[in-house]
Amino acid sequence: MDIFFNKLILLILTVSTVLFILEVSGLLPQKISLWINRNKLTQTFELLKQLGIDVDRYKRASLELDTPTYFKKENLEEELRKELEKATLHENVGVGKITSQQSNTYIDVMSFSTNPVQAELYTRYLSTFWSRKLSERGAVRNASFDFIVTPKNGSPILGYEFAKLFKKPLALYNEEPKFSTGKNIFQKTFDFMGKEPKKGSVALLVDDSTTGGRKMVDAIDKLREQGYIVTDCLVLFEPTIKDARERLKRKDVELHSILKV
């Protein structure tokens, strides 16, 4: 029995040594190298947690430093309010697709986003705000994300600019399926270039606003049905005529809005 265990240990050491040499020399296939390093990182994080070190705090701090900021964080609401005033229609309108409610103003971010300069400016407000939220302990459920999701009939240009800034893939959510048959369920509901995100990936919802939250809730349901994680929703402003925040909370999703209007 001792001979068997000695041979097993020798075999493990031999394989480990070969893998190490291949990785150092760059001859190890990328997928295998990533898998090994991912497991090493997981083990390191677990060890740090056992030592009583708040790993999440340091991860958030690192992500905060990597997140582009363009404005003073303490003046963000005031500056955005001035900017949104330019896009505000001061007239009585009905807001909401299913249950319409009257409002004496309408902030038309989508129209203003057709100007590339304006769309980029809105994105900078969102990025600065996201950086600020990362600095607040427990404010963001998932500090890192794998791809961006924006409703197609929301502000897709804003979602595009945000995805471009963060160098992340963008998926546009279609309320109506594009086709009724076929095996590619993800592409049936989302406009997405290339291979669909890996199951278990984290999606960050991004839009100009969320009125009643219906579009966001639908997108959350479709994403979760297909095995994706959704915990956070980021918008420029949150209309107070409807309580989308509570609706998203019931879906276990945190709404992050720069302004309430």
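Residues numbered from 1 in each chain as written. Predicted model: local features only at pLDDT ≥ 70, side-chain atom pairs only at ≥ 80, totals over all residues. Heavy atoms only, no water.

Mind showing me how you'd approach unusual backbone geometry here?
For residues that are not glycine, phi is negative in most cases, and the peptide bond is trans in most cases. At Lys167, a residue that is not glycine, the phi angle is positive and equals roughly 55°. Relative to the elements of secondary structure, Lys167 occurs in the loop between helix H7 (156-166) and strand S6 (170-173). For Lys167, a relative accessible area of 74% corresponds to the exposed category. Although it is not a glycine, Asp252 adopts a positive phi angle of roughly 60°. Within the secondary structure layout, Asp252 lies in the loop between helix H10 (244-250) and strand S10 (254-260). (Helix = DSSP H or I, 4+ residues; strand = E, 2+ residues; numbered from the N terminus. Buried < 20%, exposed > 50% of the residue type's maximum accessible area, 1.4 Å probe, protein only.)

Would you mind showing me how to read helix H4 (residues 76-85) here?
Each α-helix winds once per 3.6 residues, and so residues spaced three or four apart point in a common direction. Taken as a whole, H4 has its buried residues at Leu76, Leu80, Glu83 and Leu84. One side of H4 holds all its buried residues, which, seen down the axis, span an arc of 95°. Packing partners of the buried residues in H4 comprise strand S1 (88-89), strand S4 (106-107), helix H5 (109-113), helix H6 (116-134), strand S9 (229-238) and S10. (Arc of directions from axis to C-beta. Contact = heavy atoms within 4.5 Å.)

Can you walk me through the pairing of S6 in this structure?
The side chains of a regular strand alternate between the sheet's two faces. Side chains Leu170 and Leu172 of S6 all project onto a buried face; the interleaved residues Ala171 and Tyr173 project onto the opposite face, where all are buried too. Note: strand S5 (residues 147-151) against S6, four bridges, orientation parallel. The partner of Pro151 across the bridge, within S6, is Tyr173. For the crossover that starts at S5, traverses H7 and ends in the parallel S6, the hand is right-handed. In this sheet, strand S7 (residues 190-191) lies alongside S6 in antiparallel orientation, the contact comprising two bridges. Bridge pairing links Leu172 to Asp191 in S7. (Pairing = 2+ DSSP bridges. Right-handed = clockwise from strand over helix to strand, strands pointing away.)

I keep staring at the pattern of salt bridges and nothing clicks. Help me out?
Oppositely charged side chains are able to pair whenever their charged atoms sit close together. Following the criterion strictly, the structure yields 15 salt bridges and no others. Between Lys178 and Asp191 there is a salt bridge, with its nearest N and O atoms 2.8 Å apart. Pair noted here: Lys178 is in the loop between S6 and helix H8 (185-189) and Asp191 is in strand S7, with a separation of 13 residues, a long-range link. Here Asp221 makes a salt bridge to Lys251, at a shortest N to O gap of 2.7 Å. Separated by 30 residues along the polypeptide, Asp221 in helix H9 (residues 214-225) and Lys251 in the loop between H10 and S10 bring together distant segments of the chain. Residue classification places Asp221 among the partly exposed residues on the basis of a relative accessible area of 25%. Overlapping salt bridges bring together Lys152, Lys178 and Asp191 as one network. (Salt bridge = Lys/Arg side-chain N within 4 Å of Asp/Glu carboxyl O.)

Looking at this model, I keep getting lost on the packing of H4 against H6. Mind explaining?
With their axes 11 Å apart at the nearest point, H4 and H6 run at an angle of 160° to one another. The angle between the axes of H4 and H6 places the two elements in the roughly antiparallel class. Remark: the crossing between H4 and H6 carries left-handed chirality. Of H6, the residues touching H4 (which contributes Leu76, Glu77, Glu79, Leu80, Glu83 and Leu84) are Gln118, Leu121, Tyr122, Tyr125, Thr128, Phe129 and Arg132. In the contact of H4 with H6, the residues fall into seven nonpolar, two polar and four charged. (Axes fitted to C-alpha atoms, helices over the stretch in contact; angles between N-to-C directions. Parallel < 35°, antiparallel > 145°, perpendicular 65-115°, else oblique. Left-handed = near helix turned anticlockwise from the far one by under 90°. Nonpolar A, V, L, I, M, F, W, Y, C, P; charged D, E, K, R; others polar.)

I'm lost on the packing of H6 against H7 in this one. Help?
Each pair of packed helices can be summarised by the angle the axes make with each other and by the distance between the axes. For the pair H6 and H7, interaxial distance at closest approach is 9 Å and the crossing angle is 60°. The orientation of H6 with respect to H7, classified from their angle, is oblique. The handedness of the crossing between H6 and H7 is right-handed. Contact with H6, carried on its side by Ala119, Glu120, Tyr122, Thr123, Leu126, Ser127 and Trp130, involves Ile157, Leu158, Glu161, Phe162, Leu165 and Phe166 of H7 and no other residues of that element. Residue composition of the contact of H6 with H7, grouped by class: nine nonpolar, two polar and two charged.

Would you mind showing me how to read the sheet that holds strand S8 (residues 202-209) here?
What holds strands together in a sheet is hydrogen bonding between their backbones, with the strands either parallel or antiparallel. Reading across from one edge, S7-S6-S5-S8-S9-S10 is the order of the six strands in this open sheet, with mixed pairing throughout. Both edges of this open sheet fall to S7 and S10, since each of them pairs with a single strand only. Against the sheet, H6 contacts S8, S9 and S10, and its axis sits at roughly 125° relative to S9. Sitting on the sheet, H9 touches S5, S6, S7, S8 and S9, and the angle it makes with S8 is about 165°.

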